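Observations on chain architecture
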Amino acid sequence: MAGFMKNRLRECVDHLRSKGVDYADCRYVRREKESLNVTDSNVDAMSRNLNVGVGIRVLNKGAWGFASTKDLTPGALKKTATLALKIANASAMTVKDKVLFAEQEAFVDHYKTEFKKDPFKVSTDDKINLLVSCTDILKNSKKIKTTQASMDFYKINKLFISTEGAEIEQDLLESGGGFYVVSFDGKEAQKRSYPNSFGGDFATRGYEFIEEMNLIDHAERVREESIALLKAAPCPNTETTIIICGPQMALQVHESCGHPTELDRALGTEISLAGGSFMTVDKLNKLKYGSDIVNINADATTKGGLGTFGYDDEGVKAQRAPIIKKGKFVGYLTSRETAPVIKQRSNGTMRADGWNRIPIIRMTNHNLEPGTWELEDLIKDTKNGIFFDINKSWSIDDKRLNFQFGVEAAWEIKNGKLSGMLKNATYTGITPEFWNSCDAICNKNHWHVWGIPNCGKGEPMQSAHVAHGTSPARFRNVKVGVSK
Amino acid sequence: MIGKEKLFKQLEKVLDKSKADQTEIVYIGRESGLSRFANSYIHQNVYEDNSQLFFRTVLGKKVGVSSSNLLNLSDLNKCLNDSIEIAKTQPENPNFPGLPKPAKYKELNTFDETTAKFSPNERAKAVKKIIAENNRKKFTVAGSLSTGIGEIAVLNSLGVRAYQPISSASVNMISMSDTSSGYATSISRKVSDLDVVKLAKIAVEKCDRSQNPIQVEPGEYEVILEPAAVTEMLVWMNFVGFGSKPFQQNMSFLSGNIGKKITSDKITIYDNGLDEKSMSFPFDFEGVPKQKVIFIGNGVAKGVVYDSTAALKDKTKSTGHAVTPDENNEGAFGLNIFMAPGTAKRDQMISNVKKGILVTRFHYLNGFIDQRNSVLTGMTRDGTFLIENGEIKSGIKNLRFTDSFARCLGSTIAISKETERINSWWDAIGCTTVPTLHLGSFKFSGKTDF
């Protein structure tokens, strides 16, 4: 698809090479998005979006410049390349140490997402009927105030060409969806979602991923749980044992392990927006981040993960990198610029939110490896505690130490059994203390890669599509129930 | 920049070809540059030239939306037809009121030539001044300086023709020592309004004063919340409480409380896109003129913002707060949030605190914990101080708060006369304009190590 752009990008790269730049890359990105949203059985939004353009990154005099344009004509691209060089020269006015850019094999390749059913070819009727059927079931009670079901699909064609000779084309496909329901009794309102909150679950797969969610089969249970929450007891304010469900573990990994192990954060280059990291370079291979059963890998090759791709946006091949090994902090997410600081090569995590953004370090599939427990056995093994299910709120400090997360629903565990439902449940902790209190992780039967399509970072803001393979896990002596 | 006449001429050609019953076109064009710095040098420096064009077409009560950034005539016609094809596949939406009719909107001056011409070199020179102020104290600094221009147009087949050019400039900076940090920020339509040296001095002073912070135990304290901190809270309350969707879903803390007193009577919060003290903008993404909407007036819950679809549901009229067509199922949203000033002076407010905490800003707030009770949680950041006997005694390590927005505003003691314009999520078409607050009760629920 990007064939007609190849020569134009090559011309841009040649132009910059002729100017003697240290390095340059040009990225063409064509992104199609389709969104469907059904509220209370009415289609209140269906939209398609097409976004196409080219971003040009230049390293000159040891400093970076980037310019991007929607105008794909050769003249506009050459002008944009010249502007990127001018911007790099402006950056050089403040540079103290020149950028060290790690060497990289120049790949020539074409990567494609594997899928069975192209969601853009599935009839609109089929998609709408599925979403309407969900909300028909969800709204079937006087206590239900709002029901909403949605799907989103992305088709991305990318072409990357660099002064080093890399020519990489990628065709990525993403599918996702889910639903939520709001119950109301005149005083209280409670929300419940499936399969995850804030849009559901996402993957680099086709429409078969939507079908495998069995959305309709879960609608009645979710509706009834939402209604039950109206009469649930508030989460007690205490310290106890907690078991966290898979999707909430995804959020836990995301906020307290994914972000703090981004090397750009650890080196201070994200301070102005998202903050830094307590996992500073001096702690690498020393910090006991978690208990011995905690193993976390950043794996951009996980089959179907939302953070799965062929190459990152500076031409580094997708790979699996250890982050936490038997509880010890052993690795960062890195780029070609940051990896040399810790005397390593990039592990391929630089991704841009489209043609008009620079690549920055992003999580890929930041996976908590499965443990040995069946969930049923884990609950039986827990005398007293609370089970936390599906994220509702999230907050963490700017070095990723103090966190407080809330969930849609929780259940008390009494004598090894789930008992009363709890509403507005929260838990809070300090990251390494919390992960060192992890004494059980469920096995691969409970492991799922949860797609998160809205990870914010950078200025201007970029939204990344990332994922976390997780299974339910148990933590001891956790403070719960701080709600106001 | 294409310009009003040329843009209308191009878009009317496409509008005239539409075979839909009603057709709406929203155009958003933007050229912007941003220099980002950290560890006292520019590490990211970017420019973007982009635009987005949305078609919303209506067949009876069937609605389709399609958008693209490809703007030649054939691509536009394709996008229009795509929108009609989407509409054809839809069931009737009984809640759709039809597109708005034309209405006169206020003339506002929202464009500055100097800002439009501000170059990457000029941005770098401004950043060098910020770095120089930090070098004096041997602090490092991180932040960003951005300038941009754009134009927004809304046309529809019922005769709506709305157009507005805009410029914007914003800066934020965090000065850092080994043990502390300090923050300053500003936003304006004019880059010449950004006094980067003055702002750098504020950030440096906060960083300097908060060095070697002491640990204060969580608990209930009096607080002085500076404008950036007030903004963080208001942005979240706007998101979960002041829009039509959470209100109609009964998730908002205003739902069921209209006419009831919910905060101190000193508190008035409203949206006003027409007030040039804000990043003003005269109409919404349906071309409906913006109106001032009071959310909380002298402590009493008053109302929320509406677009035309949400307004129909509540049997009222749009207040001019529609979002872009691809997001309009999310309901109406305020972009120019104000908290009304009081009469106090900032220094006097601090001197009236016997024992309390001054918060420069918050980090990573979240308001989804218990929306109906307006419960928020978040961390302090970049300049948190202990006040004792009316004086700032020392910097303190950061704290987590978890409290009800309405409850803590119920304890308002004083509000500053001066307000500041603070950048929020909406950059070029909105911001918050807020004072400093002195609250009698604010609940800190946790602490961290720095």
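The rules behind each value
- Residues numbered from 1 in each chain as written.
- Chains lettered and ligands numbered in written order.
- Predicted model: local features only at pLDDT ≥ 70, side-chain atom pairs only at ≥ 80, totals over all residues.
- Helix = DSSP H or I, 4+ residues; strand = E, 2+ residues; numbered from the N terminus.
- Buried ≥ 20, exposed ≤ 12 C-beta atoms within 10 Å, placed from the backbone.
- Contact = placed C-beta atoms within 7 Å.
- Axes fitted to C-alpha atoms, helices over the stretch in contact; angles between N-to-C directions.
- Parallel < 35°, antiparallel > 145°, perpendicular 65-115°, else oblique.
- Left-handed = near helix turned anticlockwise from the far one by under 90°.
- Nonpolar A, V, L, I, M, F, W, Y, C, P; charged D, E, K, R; others polar.
- Domains from an automatic or database assignment.
- Pairing = 2+ DSSP bridges.
- pLDDT = per-residue confidence, 0-100.
- Expected span 1.5 Å × (residues − 1).

A separate point is the overall build of chain A. Looking only at helices and strands, chain A features nine helices and 24 strands. Reported as C-alpha extents along the three principal axes, the dimensions of chain A are approximately 70 × 55 × 35 Å. Considering chain A as a whole, with its 484 residues, one finds that 61% of them fall into the buried category. For chain A, long-range pairs separated by at least 24 residues make up 76% of all intrachain contacts whose partners lie at least 6 apart in sequence.

This brings us to the packing of helix α4 (residues 120-135) of chain B against helix α5 (residues 196-209) of chain B. Geometrically, a packed helix pair is captured by the angle between its two axes and the distance between the axes. Residues and elements named next belong to chain B. For the pair α4 and α5, interaxial distance at closest approach is 9 Å and the crossing angle is 30 degrees. Judged by the inter-axis angle, α4 sits roughly parallel to α5. Judged by the twist between their axes, the crossing of α4 over α5 is right-handed. Residues A126, K129, I130, E133 and N134 of α4 form the contact with α5, whose own contacting residues are V196, V197, A200, K201 and V204. Per-class residue counts for the contact of α4 with α5 are six nonpolar, one polar and three charged.

Turning to the domain arrangement of chain A, a few remarks are in order. All names here are of chain A. One can read the domain layout of chain A as domain 1 (3-230) and domain 2 (233-480). At the interface, 45 residues of domain 1 touch 36 residues of domain 2. Looking at side-chain class alone, the side of domain 1 that touches domain 2 contains 20 nonpolar, 14 polar and 11 charged residues.

Turning next to the sheet that holds strand β12 (residues 320-325) of chain A. Residue and element names in this part refer to chain A. As summarised here, the arrangement of the four strands in space is β13-β12-β11-β16, forming an open sheet in which the pairing is antiparallel. Either end of the sheet is taken by a strand with one partner, and the two such strands are β13 (328-329) and β16 (366-368). One ladder, built from three bridges, connects strand β11 (residues 296-299) with β16; its direction is antiparallel. For I296, the partnering residue across the bridge sits in β16 and is L368.

A separate point is the pairing of strand β4 (residues 140-156) of chain B. Residue and element names in this part refer to chain B. With 17 of 17 residues buried, β4 is to be regarded as a mostly interior element. For strand β1 (residues 22-38) and β4, the ladder comprises 14 bridges, and the chain directions are antiparallel. Residue Y27 lies in a different strand from β4, and its bridge partner there is A153. Bridge count for β4 against strand β5 (residues 161-176) is 16 bridges, and the pairing is antiparallel. Its bridge partner lying in β5, G143 is registered against M173.

Another aspect to go through is the domain arrangement of chain B. All names here are of chain B. Segmentation of chain B into domains returns domain 1 (4-206) and domain 2 (213-447). The centre of domain 1, based on its C-alpha atoms, is set 23 Å off from the matching centre of domain 2. Taken together, the 38 residues of domain 1 in the interface contact 34 residues of domain 2. For the side of domain 1 that touches domain 2, the secondary-structure elements that each account for two or more residues are β1, β2 (41-59), β3 (62-68), β4, β5 and β6 (181-188). Here the side of domain 1 that touches domain 2 gets seven residues from one element, more than from any other, and that element is β5.

Axis separation between helix α2 (residues 74-91) of chain A and α4 of chain B bottoms out at 9 Å; the angle between their running directions is 15 degrees. It follows that α2 of chain A is roughly parallel to α4 of chain B by the angle criterion. In this structure, α2 of chain A crosses over α4 of chain B, and the sense of that crossing is right-handed. In this structure, α2 of chain A uses K86, I87, A90 and S91 of chain A to contact α4 of chain B, whose residues at the interface are P120, N121, R123 and A124 of chain B. A breakdown of the residues in the contact of α2 of chain A with α4 of chain B according to their chemical character gives four nonpolar, two polar and two charged.

Take the environment of T89 of chain B next. In this fold, T89 of chain B is placed in helix α2 (residues 73-89). Considered as a pair, T89 of chain B and K62 of chain B are 27 residues apart in the sequence and their alpha carbons are 8.2 Å apart.

Our next topic: the interface of chain A and chain B. Each partner contributes to the interface: chain A provides 67 residues, whereas chain B provides 74 residues. Among the elements that take part in the side of chain A that touches chain B, strand β2 (residues 42-60) of chain A stands out by supplying 12 residues, more than any other. When the residues that make up the side of chain A that touches chain B are grouped by side-chain class, the tally is 24 nonpolar, 29 polar and 14 charged.

For the rest of this paragraph, the subject is the confidence of the model for chain B. Overall, the prediction assigns chain B a mean pLDDT of 96, with 100% of residues at 70 or greater. As scored by the predictor, the complex reaches a pTM of 0.96 and an ipTM of 0.95.

Attention now goes to unusual backbone geometry. All names here are of chain A. Residue Y194 is joined to P195 through a cis peptide bond whose omega torsion reads -10 degrees. If you trace the backbone, P195 turns up in the loop between β7 (189-194) and β8 (201-203). A cis amide bond links E459 to the next residue, P460, at an omega of -5 degrees. The topology assignment puts P460 in the loop between β22 (448-457) and β23 (462-470). Phi at K326 takes a positive value of approximately 45 degrees, unusual for a residue other than glycine. Structurally, K326 can be placed in the loop between β12 and β13. With 12 C-beta atoms counted inside 10 Å, the residue K326 sits in the exposed group. The backbone of N424 sits at a positive phi, close to 45 degrees, despite the residue not being glycine. Structurally, N424 can be placed in the loop between β19 (417-423) and β20 (426-430).

Okay, the environment of L215 of chain A next. Residues and elements named next belong to chain A. Summarising the element assignment, L215 is placed in helix α5 (residues 215-230). In sequence terms L215 and F309 are 94 residues apart; their C-alpha atoms lie 27 Å from each other. Sequence-distant contacts of L215, that is, excluding residues within four places in its chain, are made with L130, C134 and F179.

Moving on, we get to α5 of chain B. Residues and elements named next belong to chain B. Taking 1.5 Å per residue, 14 residues should reach 20 Å; α5 reaches 20 Å between its end C-alpha atoms and fits that length. Within the span of α5, buried status applies to V196, L199, A200, I202, A203, V204, K206 and C207. Buried positions along α5 lie against α4, β5, β6, β12 (355-370) and β13 (375-388).

This brings us to α5 of chain A. Residue and element names in this part refer to chain A. When the terminal C-alpha atoms of α5 are compared, their 23 Å separation across 16 residues agrees well with the 22 Å that a helix rising 1.5 Å per residue should span. Among the residues making up α5, those that are buried are L215, A219, V222, R223, E225, S226 and L229. Buried residues along α5 sit in contact with α3 (124-138), β5 (144-162), β6 (167-184), β7, β18 (402-414) and β19.

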